[in-house]
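# Chain and residue survey
What follows is the residue order along each chain.
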Amino acid sequence: MATYDVIVIGSGPGGYVCAIRCAQLGLRTACVEGRETLGGTCLNVGCIPSKALLHATEQLHEAQENFAKMGLKGAAPSVDWKRMQSYKQDVVEQNTKGVEFLFKKNKVDWLKGWAEIPEAGRVKVGEEVHEARNVVIATGSEASALPFAEVDNDGGVIVDSEGALRLPRIPKAMAVIGGGVIGLELSSVYARLGAEVTVLEYAAGITPGMDAEVARQFQKIMAKQGISFVTGAAVEAVERKGRKATVRWKLRKDGGEGEAQVDAVLVATGRRPFTEGLGLDALGVEMTDRGQVKVRDHWDTNVPGLYAIGDCIEGPMLAHKAEDEGMAVAEAIAKGHGHVNYRVIPNVIYTAPEVAAVGLTEEQAKDGGREVKVGKFAFMGNGRARANFAAEGFVKIVADAETDRILGAHIVGPMAGDLIHEIAVAMEFGAAAEDLARTCHAHPTYSEAVREAALACGDGAIHA
Ligand code: FAD
């Protein structure tokens, strides 16, 4: 029996980051992973492969829409779906192998197999039982199911996000159930590849929880790109017949019925925490009523020496939130304290244009009883964005009306996922909108739009 200071269960962004940081802090560490490769959902079937397909199809779109406008002539590119899939798989492999290399470099043992926790301080992998003073559960999440839609990812007709990343062929028509981040990113991929995509969303608008103005603008832009939206739609049946499927829904407002015949149905109705097979019930681990492991201030559970992080606990299901918790719990174990600022966790949708947010929406700030001021700037007034055919969208900064402190920011526009971090850093330092407005920004960059939005919180933007 091997003895460790820490055993981390799961090697997603929460688990592998935690294991590396534990080892760097001098703890003898192992990480258990049941998959064939390290990196969890994110690297294998989530963030990374989806971004590879988004990148490839965005390039295609750029070539089809904008090359000729810039005087770039020649044969239009055609799509080799098999080759695009292997490019995606190469990217995945580089990343998962990268984690394997980092484990070796930092002397983290990879225990291959599915873990159980037979008793506190012990982890069973296959027939072997290992001892650890601390055990961190980082087992992630899985796609939620719909009782009437039988997902068969290998079949390639009714799929969840995992199947949608490897459809056997590009569908002519596709229905996407759920207008959240994952549904919209994959809608974007297939719409650019020529599929007729219909997004069916139960709520009144897409991306529920997002700043309302940004969500409306984003939906308009996606619709202009050819994606159809049916909002307020309760999907009631999904039936497969051979290589086709029929989706039926009822409109919530008036009971009106709708139906679509498609080649692929993506069920993207969210994700749920995954802790199966660990034996948490028998251990008496407290869970939330949503099936998450219940943790306290230092990600510790009610069982001494047992911690949990990432998608299997409360909070946004995001890779970087899991990573931050991974580092923080390592510090908590090694040094007695760790820290994550849950008020400053960016959220990004990697469509074109991108959508990004950090902190409070205007609605949340007002509902919380704050007086706010809002500074907005449209990318139409940004020279770089106009040159790059990327002038759709805007930056919106929400600041406290009295103190000018930045409470949140919301961007729909080019490179929004990168731009948002300037504001996240400012928020971490407790900056006022004026601090951003008085910071010199290089010209011509998209980031000037952020500065202009900050200026709009004060005496006004220049180029509006
Ligand atoms: P996971 O990444 O789910 O990893 C958990 C690992 O634990 C898995 O590898 C699993 O095999 C292993 N495991 C489970 N049980 C056991 C056991 N008993 N024994 C051994 N191993 C076990 N987030 C972003 O921030 N940005 C994005 O762009 C983004 N895009 C996404 C796109 C898609 C299509 C999907 C599905 C998700 C996306 N996400 C994105 C979400 C992101 O993938 C998750 O938030 C993140 O992976 C959570 O990390 P984690 O470490 O908690 O768990």
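Up top is the structure.
A brief report on the enclosed structure follows.

The rules behind each value
- Residues numbered from 1 in each chain as written.
- Predicted model: local features only at pLDDT ≥ 70, side-chain atom pairs only at ≥ 80, totals over all residues.
- Helix = DSSP H or I, 4+ residues; strand = E, 2+ residues; numbered from the N terminus.
- Rg over C-alpha atoms; globule rule 2.2 N^0.38 Å.
- Buried ≥ 20, exposed ≤ 12 C-beta atoms within 10 Å, placed from the backbone.
- Near = placed C-beta within 6 Å.
- Nonpolar A, V, L, I, M, F, W, Y, C, P; charged D, E, K, R; others polar.
- Axes fitted to C-alpha atoms, helices over the stretch in contact; angles between N-to-C directions.
- Left-handed = near helix turned anticlockwise from the far one by under 90°.
- Contact = placed C-beta atoms within 7 Å.

What follows concerns the overall build of the chain. The helix and strand inventory of the chain stands at 14 helices and 22 strands. Computed over the C-alpha atoms, the radius of gyration of the chain is 23 Å, within 12% of the 23 Å expected from 2.2 N^0.38 for a compact globule of 464 residues. Based on the C-alpha atoms only, the size of the chain along its principal axes is roughly 65 × 60 × 50 Å. Each of the 464 residues in the chain was classed as buried or not, and the buried ones make up 47%.

Surrounding the ligand, one finds 36 residues, the nearest of these being Gly-10, Gly-12, Gly-40, Gly-140 and Gly-310. Those elements that place two or more of their residues in the shell around the ligand are α1 (13-24), β2 (29-33), α2 (40-45), α3 (47-65) and α9 (319-335). Per-class residue counts for the shell around the ligand are 16 nonpolar, 17 polar and three charged.

Within the element layout of this structure, His-320 appears in helix α9. Owing to 17 C-beta atoms within 10 Å, His-320 belongs among the partly exposed residues under this scheme. Placed 78 residues apart in sequence, His-320 and Val-398 show a C-alpha to C-alpha distance of 23 Å.

Our focus in this paragraph is unusual backbone geometry. The peptide bond linking Ala-352 to Pro-353 adopts the cis configuration, its omega dihedral lying at 0°. Turning to its location among the elements, Pro-353 is positioned in the loop between β18 (347-349) and β19 (354-359). A cis amide bond, omega -5°, links His-443 with the succeeding residue Pro-444. With respect to the helices and strands, the residue Pro-444 is situated in the loop between α13 (433-437) and α14 (447-456). Even without a glycine there, the phi angle at Thr-207 is positive, about 40°. Examined against the element boundaries, Thr-207 turns out to sit in the loop between β10 (196-201) and α7 (212-224). Of the residues examined, Thr-207 has 22 C-beta atoms within 10 Å and is grouped as buried. One non-glycine residue, Met-415, adopts positive backbone phi at about 55°. By secondary structure assignment, the location of Met-415 is in the loop between β22 (406-413) and α12 (416-428). Look at Met-415 and you get partly exposed, because 19 C-beta atoms sit within 10 Å.

Right, let's talk about the packing of α3 against helix α6 (residues 181-192) for a bit. At a minimum axis separation of 9 Å, α3 and α6 run at an interaxial angle of 35°. The handedness of the crossing between α3 and α6 comes out as left-handed. Within the contact between the two elements, α3 uses Ser-50, Leu-53, Leu-54, Thr-57, Leu-60 and His-61 and α6 uses Glu-185, Leu-186, Ser-188, Val-189 and Arg-192. Of the residues contributing to the contact of α3 with α6, the split by class is five nonpolar, four polar and two charged.

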